[in-house]
Amino acid sequence: MPHAETPGSIEAAPRTRLRWWTELPLILLVYACYSAGRLLARGDVTTAVDHGLAILKVEKFLHINAEHPLNRLFTREAWIGVPADFWYASLHYLVTPVILVWLFRSRTVHYRAARTWLMTSTFLGLIGFTLLPTCPPRLLSASHGFVDTMAQYSSYGWWGGEASAPRGMGGMTNQYAAMPSLHVGWALWCGVMLWKYGRTRTTKAAAIAYPLITTIVVMGTANHYFLDAVAGAAVMGAGLLLAPLVMRGADRFKARAAVVLAPATAGTPGTPTSIVSGGCQTSAGERIPRQRESRLGAGAEPSASPTDAGDSAPATAR
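Bear in mind the structure is a predicted one, so any value in this text is a computation, not a measurement.

**Q** Account for the environment of Val-184, naming residues and giving values.
**A** Relative to the assigned elements, Val-184 resides in helix α8 (residues 182-197). The spatial distance from the C-alpha of Val-184 to the C-alpha of Gly-232 is 5.8 Å, given a sequence separation of 48 residues.

Now the structure itself:
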């Protein structure tokens, strides 16, 4: 006999299936919040510079200021610096959406968890931008030894000398949102997705190369400190831990909204109409098979009810 599917499993699938026309506005909304948050969380310039100098001081003390030698290399060698600027200005906004679409189409079962992880981490990053506005290395005074490669090679690309934004739109970006580095955070997320769900050696290699090269690029172009990159990875880790809680909260909210919006199907509108409760109590006048009177006199024979008679009848007579 063919395996019979339960009604619940048949009806539940369409309700949980994700549709592109609902996912796309959600993704755009989160990205709009990301862009607006970066723009609004400008902070005080003096405070941002102080934070940047404090990070640089810590790195020098720990001898981990890798951005200095990388920036000198990118500044001296145009064949490295120019592609790095294109990498920084482009892939952050291209690779992540492409992987989201790939997961949605080819790895649907894993898409919701992956999307929630990315969104949760992004909002955590916005909190970091707000609480810790940080001046990137390229905006420090020249005495600190950094060169803005985006400005140096601006004639090669579409970006202006102010930021990685298109020419004339530099004033619409928050240039003091360096801590944490979501360039690194998003690249790490992309790498995990490629490694976990990719099936070829090429995707496995890209899973390692993309976040690693992105980390080198953000430091070599003087857009981030090494500790910014570390913070970006830490934010993604925190988002990974919080994502299950966010999904459960969203599921509870949807369930409650469904109960509130669902029309009453019987009885008084908005009043529960179930007869049998969790304690197996029955409504007035209703009896279940083999039910006896709860109070019998001493030595009295229980009276047989039609239900009892029917239960004790031979199977052939039923």
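Still more to cover.
**Q** Mind laying out the packing of aromatic side chains, listing which residues take part and the relevant values?
**A** What the rule picks out here adds up to three aromatic pairs. The interplanar angle of 80 degrees and the centroid separation of 5.2 Å between the aromatic rings of Phe-104 and Tyr-111 together place this pair among those described as edge-to-face. When the ring centre of Trp-195 is taken as origin, the NZ or CZ atom of Lys-204, which lies over that ring, is 4.9 Å away.

**Q** Describe the packing of helix α6 (residues 108-131) against α8, listing the residues and the values that go with them.
**A** As a packed pair, α6 and α8 sit with axes 10 Å apart at the nearest point and diverge in direction by 165 degrees. With respect to their mutual orientation, α6 and α8 come out roughly antiparallel. Here α6 runs over α8; the crossing is right-handed. On α8, the residues that touch His-110, Ala-114, Trp-117, Leu-118, Ser-121, Thr-122, Gly-125 and Phe-129 of α6 are Leu-182, Trp-186, Trp-189, Val-192, Met-193 and Tyr-197.

**Q** Mind laying out the nonpolar core, listing which residues take part and the relevant values?
**A** Counting residues in each nonpolar core, the largest one holds 24 residues, and the members touching the most others are Ile-99, Leu-103, Trp-117, Leu-118, Trp-189, Cys-190 and Met-193. Of all elements in the fold, only α5 (78-106), α6, α8, α9 (201-220) and α10 (226-261) reach the threshold of two or more residues within this core. When residues in this core are grouped by element, the largest group, eight residues, is from α8. Not counting residues up to four positions away in its chain, the partners in contact with Trp-189 are Thr-96, Ile-99, Leu-100, Leu-103, Ala-114, Trp-117, Leu-118 and Met-236. Membership of the second largest hydrophobic core comes to twelve residues, among which are Leu-70, Phe-74, Ala-84 and Val-218.

**Q** Give me α8: which residues, what numbers.
**A** Between the first and last C-alpha of α8 there are 22 Å, a value that for 16 residues agrees with the 22 Å anticipated at 1.5 Å per step. Where burial is concerned, most of α8 is hidden: twelve out of the 16 residues are buried. Looking at α8, one finds that the buried residues are Leu-182, His-183, Val-184, Gly-185, Trp-186, Ala-187, Trp-189, Cys-190, Gly-191, Met-193, Leu-194 and Tyr-197.

**Q** Just give me the short version of the environment of Ala-177, but keep the residues and values in it.
**A** Along the chain, the position of Ala-177 falls in the loop between α7 (149-152) and α8. Taking the relative accessible area as the measure of exposure, Ala-177 reaches 6% and is therefore buried. Considered as a pair, Ala-177 and Pro-133 are 44 residues apart in the sequence and their alpha carbons are 5.7 Å apart.

**Q** Summarise the confidence of the model for the protein chain; cite the residues concerned and give the values.
**A** The predicted model of the protein chain averages 77 in pLDDT, with 64% of residues at 70 or higher. Within the model, pLDDT remains below 50 along residues 291-300, and this stretch shows seven contacts once partners closer than five positions in the same chain are excluded. Every residue in residues 302-318 scores below 50 in pLDDT, and together they form 15 contacts with partners more than four places removed in sequence or on other chains.

**Q** Give a description of the side chain of Thr-149 that names residues and reports values.
**A** When you line up the elements, Thr-149 lands in helix α7. Judged by relative accessible area, which is 0%, Thr-149 ranks as buried. With residues near it in sequence (within four places) discarded, Thr-149 still touches Asn-71, Phe-74, Thr-75, Asp-85, Gly-220 and Thr-221.

Rules and cut-offs
- Residues numbered from 1 in each chain as written.
- Predicted model: local features only at pLDDT ≥ 70, side-chain atom pairs only at ≥ 80, totals over all residues.
- Heavy atoms only, no water.
- Helix = DSSP H or I, 4+ residues; strand = E, 2+ residues; numbered from the N terminus.
- Phe/Tyr/Trp six-rings, centres within 6.5 Å; stacked < 30°, edge-to-face > 60°.
- Lys NZ or Arg CZ within 6 Å of the ring centre and 35° of its normal.
- Axes fitted to C-alpha atoms, helices over the stretch in contact; angles between N-to-C directions.
- Parallel < 35°, antiparallel > 145°, perpendicular 65-115°, else oblique.
- Left-handed = near helix turned anticlockwise from the far one by under 90°.
- Contact = heavy atoms within 4.5 Å.
- Core = buried A, V, L, I, M, F, W, Y, C linked by side-chain atoms within 4.5 Å.
- Buried < 20%, exposed > 50% of the residue type's maximum accessible area, 1.4 Å probe, protein only.
- Expected span 1.5 Å × (residues − 1).
- pLDDT = per-residue confidence, 0-100.

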